[in-house]
Amino acid sequence: MKYKILLSCLLVFVCSAALAQKQAIDTIQIKGLVIIKGRNADGKNVFRAYQDTAYARQKLKKNLHTRWLVFDLGFNNYRDRSDYGGAMVMSLHPAASNSSFLGTTYASPNYYGKSFDYSGAALNNFAPRMASQPLSLSEFKLMPGKSVNFNLWILMQRLNLYKHKFNLIYAAGLEMNNYRFARNISYVPGYPTTIIRDTVNFSKNKLFVQYLTVPLMLNYTGNPARPNRSFKMSMGVSGGYLLKARTKQVSEERGKVRLTDEFSLNKWRFGLTGEIGYGPIKLYSNFALTPLHDYGLEQYPFSVGFRFNGF
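So, a few notes on the structure that sits alongside this text. (Residues numbered from 1 in each chain as written. Predicted model: local features only at pLDDT ≥ 70, side-chain atom pairs only at ≥ 80, totals over all residues. Heavy atoms only, no water.)

Focus: the environment of M217
Alright, step 1. Structurally, M217 is set in strand 10 (residues 204-221).
Alright, step 2. Judged by relative accessible area, which is 3%, M217 ranks as buried.
Alright, step 3. Ignoring any residue separated from it by four or fewer positions in sequence, one finds M217 in contact with N167, L168, I169, S234, M235, G236, T273, G274, E275 and R307. (Helix = DSSP H or I, 4+ residues; strand = E, 2+ residues; numbered from the N terminus. Buried < 20%, exposed > 50% of the residue type's maximum accessible area, 1.4 Å probe, protein only. Contact = heavy atoms within 4.5 Å.)

As structure tokens, then:
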């Protein structure tokens, strides 16, 4: 009798373990997403997924949520408010005089191991424009589809302010902007930086600018308990500091040329930032309130694109 009771208990244990193992194999949970494997009437495997609301409610007990390596992918452009009709419209050097470049041509010095002859090229040393054939608004036209914006937010945190519906979002990361020029202009390093209408045709001609940026936004989340089915909107400000700038040009005459310099760009950037989305799909936008360049050119960059949540 004793052995029969022991054997029955062992059998119940083995059956329970087998059932638990089958359940573990047929059910997969990834954070708040539960995936269940089953069979349909034809005996074929089917998978069903649902949101674990208990997991979401457990997360709501935390007032601070952190995501790593959030990234943005979008496109750049700028609003050009430069006065191309004025005599000093592009002075990146406040003391530059209009007469110093009137009627002259420009040949660049030897820099970065390369020397190019720019004789006859129309010049805008960001400065006094030339009386003959000055650079114009159209010279700074961008190729929107190839002016790519990529941002990497190393750390992004959301702090609960009121019932997880209103939150404070802040982050730290890198903004990387590519401005792909449609015309054959060249940035020539120096003080002041010079921009010229070049004498060759470029198959690629771009300015790359990188900032260390900290955004701060007020966030609204419609349904905190079910974030994958919730409307979200954030608005705020951002501040950045210039880390790196370079140009890249590709042509048959010169090959591939990269120049690294500050190009008299504005070292500080301040602007408006925001995002809007539903569930995991988010759109972001950034609008600079400070011009791209220190002097002369008044080009105010903006970018739009998709935001990916990271980890």
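Here we look at the pattern of salt bridges
Alright, step 1. Summed over all chains, the structure comprises 6 salt bridges.
Alright, step 2. A salt bridge links E262 to K267, with the nearest nitrogen and oxygen atoms 3.6 Å apart.
Alright, step 3. According to the relative accessible area criterion, K267 is partly exposed, its value standing at 34%.
Alright, step 4. Put simply, E275 and R307 hold a salt bridge, and the shortest N to O gap is 2.6 Å. (Salt bridge = Lys/Arg side-chain N within 4 Å of Asp/Glu carboxyl O.)

Structural notes on unusual backbone geometry
Alright, step 1. One non-glycine residue, F263, adopts positive backbone phi at about 50°.
Alright, step 2. Assignment of secondary structure puts F263 in the loop between strand 12 (255-260) and strand 13 (268-278).
Alright, step 3. The class of F263 is buried, set by a relative accessible area of 0%.
Alright, step 4. Of note in the backbone geometry, S264 takes a positive phi value of approximately 55° without being a glycine.
Alright, step 5. With respect to the helices and strands, the residue S264 is situated in the loop between strand 12 and strand 13.

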